[in-house]
Amino acid sequence: MAKLKGIEDFIQKEIAKIGYEIDSVSLEECSIKELGQFQLNFAMKLSKIYHKSPRDIAEEVKRVLDVRFKNVNIAGPGFINLSLKDEELLEYANEYINDFEKYIEYEKPKTIVVDYGGANAAKALHVGHMRSANIGEALKRLAKLFGNKVIGDVHLGDLGRQSGMLISQLMEEQPDLVFFDKNYKGEYPKINLTIEDLGRMYKIANAKAKEDETRMELVRDITLEIDKGNVAYTNLWKQIVEISEPTIKKVYNELNCTFDLWEGELSSMQYVDETLKVLKDYLYESEGALVIDVTKDDDKLSIPPLIVIKTNGATIYATRDLATIYNRVNKINPDEFWYVVDDRQSMYFEQVFRASYKTSLVRNDVALKFLGFGTINGTDGKPFKTRSGEVMELSSLISMVKEEITKKVKDEISDDRKEDIINNLTIATLKYADLLSYRKTDYVFDLVKFSSFEGKTGPYILYGIVRIKSLLKKLDIENSRFNNIPNDDVRDIILSSIKLSKVLNLSYREATLNYITDYLFEITNLFNKFYNNNNILNEKDKDTQETYIALLKFVYNICHNLLNILAINEVDEM
Ligand code: ARG
């Protein structure tokens, strides 16, 4: 059991012994340090239940807590302040030096499918896809840490208008390909296109379709043909998707994202027929389309029906999400589905979830959760765009940050090591900034601020790690233990770590990483204070030096594991 919870449970039992029943005790950090390390505020609540003055209750409670704690005192109307004895802190710190699992409060394990990719095939990833990747990967790791079985699902956007665009362009550039010969019966050959070709062709096709209605008609026709399963076009499109996949994988790789299910809208098509069978009693025709009514009696805002089959008979984004759910339920039978997707899709997911429960595609005891995120904005407060006003591609953002980081990395570092360091710092900059705000909050991307080596940034956190690692290399670190608490710098770090279990709990329950990024900043600051105030390498007192070494390991254990949740790689120098 995590330390904090252990103390809280102890207090709950002790006060029960003197006749006070309470659901749970919450030990808060005391805001006035002089009064104590922690504070309890249940006396006020108990006073209402037991009709006694809160100060009298606090006095009674103080008497039982005096046995274990130091400086138990009562403040204001009945706040109880207390501190842990150094012996208890030492015992605790020694127990936690290398053990991160002790900070976790496990529950009954669940199976969770996390859908957090969403990159679109044959199109560049944009900055929104980075948010999904960063938040989703971290939530997946956090949920695993809590003992769950977690399956990452990339859910590629590999069906849609871009197929019609690209194929229409190929038709124009290479009309003799057998894919375009309606009478062709043989095997389809491998096409010879590169990712660069796809980029170039998409741009041309897009521009042409915008101007020319017949071209747009062709694009729509081809897209529809693929939806209907046209063999030639589907074969061609699958090849195009495969050509674009390595680029997508490369970006996810850079972002340290790994998916257990590398599937997408295209592969979900094989489950559409079966899914429609499940939905059939609930589908009705509306303006030529097949829809499901998803309203509820107590709706304050009207919510439109979910379109499942379009007027032209084709499937739609929702059909593919429903089919994917159908397949995951049958194949994996998860307890929860988490969708880490842009908040602007929240209404859409509400429709999909309601339709899923209503039609019993999903049992009522399965949780479908939409974990929406806010947008990355430019300094104008609008979604981040390039100078020319186009959506910011993720690769451009990565290059911008890389350029900024390159200016800052030490010159002495040899070129062969430099590249990795720059890459890790770049991703650390992006991820830390991206996970710093509450998940749903929009934030402004400030390149200079986020890539600074000072302040609340990824590089600042990594710099703390660099210091720890370089010290540990110089010291004899075998079997080091906390022997004493020589000063407040040491005590403050140990105390701060006690609340880590709460930080992790909050992050996990609210599915947002900001508590963890905040905590990393707190512990790094405390560590830097300790580092500046104490001469760790030349400490004469052996017991104290051993304590310092133990503390280095203790802080490293925390930072290393927290960074690992965020999928940020460490560096050894910078
Ligand atoms: N491909 C979509 C997009 O770029 C995101 C997919 C999100 N996941 C889902 N299951 N619909 O907007």
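Every chain begins its residue count from 1, and numbering advances along the sequence as written. Reporting of local features is limited, given that this is a predicted model, to residues whose pLDDT is at least 70; pairs of side-chain atoms are given and counted only at 80 or more, and all residues count toward the totals for whole chains, interfaces and linings. Side-chain descriptors were evaluated using all non-hydrogen atoms of the structure, hydrogens and water having been removed beforehand.

Q: Whenever I open this one, the site of the ligand confuses me. Can you help?
A: We define proximity as follows: a residue is near a molecule or strand when any one of its heavy atoms falls within 4 Å of that partner. Neighbouring the ligand are the residues Asp115, Gly118, Asn120, His129, His155, Tyr317, Asp321, Tyr339, Val341, Gln345 and Phe349. In the environment of the ligand, a nitrogen atom lies 2.7 Å from a nitrogen or oxygen atom belonging to the side chain of Asp321. Between the ligand and Gln345 there is a distance of 3.1 Å, counted from an oxygen atom to a side-chain nitrogen or oxygen. Each accessible area is a Shrake-Rupley estimate made with a 1.4 Å probe; only the visible protein chains count as cover when residues are assessed. In isolation the ligand exposes 350 Å². Once the protein is present, 86% of that is buried. Its residues assigned to classes, the shell around the ligand shows 4 nonpolar, 5 polar and 2 charged. N or O atoms within 3.5 Å of each other form a polar contact, as long as, within protein, one can give a hydrogen and the other can take it, and as long as residues adjacent in sequence are counted only when both atoms are side-chain atoms. Three residue categories are used. Nonpolar comprises Ala, Val, Leu, Ile, Met, Phe, Trp, Tyr, Cys and Pro, charged comprises Asp, Glu, Lys and Arg, and polar comprises the others, including Gly.

Q: Would you explain the pattern of salt bridges in this entry?
A: Pairing of side chains with opposite charge becomes possible as their charged atoms draw close. Definition used for salt bridges: Asp or Glu carboxyl oxygen within 4 Å of a side-chain nitrogen of Lys or Arg. This structure, assessed with the given rule, holds 44 salt bridges. In this structure, the salt-bridge partner of Arg354 is Asp299, at a minimum N-O distance of 2.9 Å. You can see Arg354 sitting in helix α13 (residues 346-358) and its partner Asp299 sitting in the loop between β8 (289-292) and β9 (306-309), a full 55 residues away along the chain. Residue exposure (1.4 Å probe, protein chains only): buried if accessible area is under 20% of the type maximum, exposed if over 50%, otherwise partly exposed. Its relative accessible area of 24% is what places Asp299 among the partly exposed residues. Elements are defined by DSSP. Helices are runs of H or I of four residues or more, strands are runs of E of two residues or more, and each kind is numbered from the N terminus.

Q: Before we go on, may I ask you to explain unusual backbone geometry in this structure?
A: A negative phi angle characterises most non-glycine residues, just as the trans form characterises most peptide bonds. Of note in the backbone geometry, Ala122 takes a positive phi value of approximately 60° without being a glycine. Here Ala122 shows up in the loop between β5 (111-115) and α5 (127-145). Unlike most non-glycine residues, His155 shows phi in positive territory, near 40°. Mapped onto the secondary structure, His155 falls in the loop between β6 (149-153) and α6 (161-173).

Q: What is the right way to read the nonpolar core from this model?
A: Burial of nonpolar side chains together is a common tendency in soluble globular proteins. Here the nonpolar core consists of buried residues drawn from Ala, Val, Leu, Ile, Met, Phe, Trp, Tyr and Cys, with membership extended through side-chain atoms lying within 4.5 Å. Residues Ile11, Phe42, Leu65, Phe445, Leu504, Ile516 and Leu562 are the most contacted members of the largest nonpolar core, which totals 131 residues. Among the elements that make up this core, the one with the highest residue count is helix α21 (residues 542-565) (12 residues). Note on definitions: a residue-residue contact is assigned when non-hydrogen atoms from the two residues lie within 4.5 Å. The residues touching Phe42, leaving out its near neighbours within four places in the chain, are Ile11, Ile15, Ile22, Val25, Val61 and Ile80. In this structure, Val241, Leu306, Tyr348 and Val362 belong to the second largest nonpolar core, which totals 63 residues.

Q: Looking at this structure, I do not really get helix α18 (residues 488-498). What am I missing?
A: Within an α-helix, residues lying three or four positions from one another point in the same direction, as the helix has 3.6 residues per turn. Judged by how many residues are buried, α18 sits mostly within the fold: 10 of 11 residues are covered. Among the residues of α18, Asp489, Val490, Arg491, Asp492, Ile493, Ile494, Leu495, Ser496, Ser497 and Ile498 are the ones counted as buried. Its buried side turned inward, α18 meets α1 (3-17), β2 (38-40), α4 (86-96), α19 (500-510), α20 (514-533) and α21. Two or three places before Asp489, at the start of α18, stands the capping residue Asn487, its side-chain oxygen 3.1 Å from that residue's backbone nitrogen.

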